[in-house]
Amino acid sequence: MTTIVTILTDDYADWETALLNAGARSYFKIDTRFATPGGKPVVSAGGLKITPDLAVEDIDPTAIDALIVNGGTAWTRPDAPDISQALKAARSAGKTVAGICDGTVAMARAGLLDDVHHTSNSPDNLPPTGYKGASRYKDQPEAVVDGKIVTASGAAPVTFMAAVLETLGLRTPDLDAYLAIYGAEHRKS
């Protein structure tokens, strides 16, 4: 069974991976799990309390297909959790590694955006991490896919969902129909 693990922190942005996880679990029958630093319960920006399935430190990259970093204010704080080891291990194992909004900051800190095309909330969002990928930054509203690395701004949960599922080999007419439903509000009338 295909397995996606989404990393959450306190004050994570509820909306950013909601479509991905709901569509993956309900429509595509993917096993969706949630991890937090230390395996501790967290509370979202909207007040949703989550008890995780596992700790970030216990993620086995050989047992998953995708590792997702949900955005939130924790990633830009000086005391941001260091999840670099989990991200690097997933990438080395050939798994999809994806970040949305400030989840891309954690990916940049881990060095995952130094040699791939990527995006984030703005071109100024990632340089404070010390990353070396500024020349590959794509200033666009849609998610960016480069191999098995997926990035998106916090305003792109629909294309983020599509990009992650596509890296898992699920780009089908059914997915396109699903995307049309959720992306309809973004089309000009």
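Residues numbered from 1 in each chain as written. Predicted model: local features only at pLDDT ≥ 70, side-chain atom pairs only at ≥ 80, totals over all residues. Heavy atoms only, no water.

S.K.: Residues and numbers for the pattern of salt bridges, please.
M.R.: Counted under the stated rule, the structure contains 5 salt bridges. The shortest N-O distance in the salt bridge between aspartate 11 and arginine 77 comes to 2.9 Å. In this pair, aspartate 11 is assigned in the loop between strand S1 (3-7) and helix H1 (18-27) and arginine 77 in the loop between strand S6 (66-69) and helix H2 (84-92), connecting sequence segments 66 residues apart. The class for arginine 77 is partly exposed, based on a relative accessible area of 32%. Between arginine 171 and aspartate 176 there is a salt bridge, with its nearest N and O atoms 2.6 Å apart. What makes aspartate 176 partly exposed here is its relative accessible area of 36%. Here the residues in one salt-bridge network are Glu166, Arg171 and Asp176, joined through shared partners. (Salt bridge = Lys/Arg side-chain N within 4 Å of Asp/Glu carboxyl O. Helix = DSSP H or I, 4+ residues; strand = E, 2+ residues; numbered from the N terminus. Buried < 20%, exposed > 50% of the residue type's maximum accessible area, 1.4 Å probe, protein only.)

S.K.: Please give an account of the side chain of threonine 129 that cites residues and values.
M.R.: Here threonine 129 shows up in the loop between helix H3 (103-109) and strand S8 (144-146). Of note is the side chain of threonine 129, whose polar atom sits 3.3 Å from the backbone nitrogen of tyrosine 131. Beyond its immediate sequence surroundings of up to four residues, threonine 129 is in contact with Val105, Ala108 and Arg109. (Polar contact = N/O pair within 3.5 Å; in protein donor to acceptor, adjacent residues only side chain to side chain. Contact = heavy atoms within 4.5 Å.)

S.K.: Just give me the short version of the pairing of strand S9 (residues 149-152), but keep the residues and values in it.
M.R.: The two faces of a sheet get side chains in turn, since along a regular strand they alternate between them. The alternating pattern of S9 places Ile149 and Thr151 on one face and Val150 and Ala152 on the opposite face, and all of these are buried. Relative to S9, strand S7 (residues 96-100) runs parallel, the two being bridged by 4 bridges. Paired with glycine 99 across the two strands is threonine 151, which belongs to S9. In this structure, S8 lies alongside S9, joined through 3 bridges in antiparallel fashion. Within S9, the position partnered with aspartate 146 by the bridge is isoleucine 149. Adjacent in sequence and paired antiparallel, S8 and S9 are bridged by 2 residues, among which glycine 147 carries a positive phi angle near 65°. (Pairing = 2+ DSSP bridges.)

S.K.: Give me the lowdown on unusual backbone geometry, citing residues and values where you can.
M.R.: The backbone phi angle of aspartate 11 is positive, close to 65°, even though this residue is not glycine. A positive phi angle is found at cysteine 101, which is not glycine, with a value near 60°. Mapping cysteine 101 onto the fold places it in the loop between S7 and H3. The class for cysteine 101 is buried, based on a relative accessible area of 13%.

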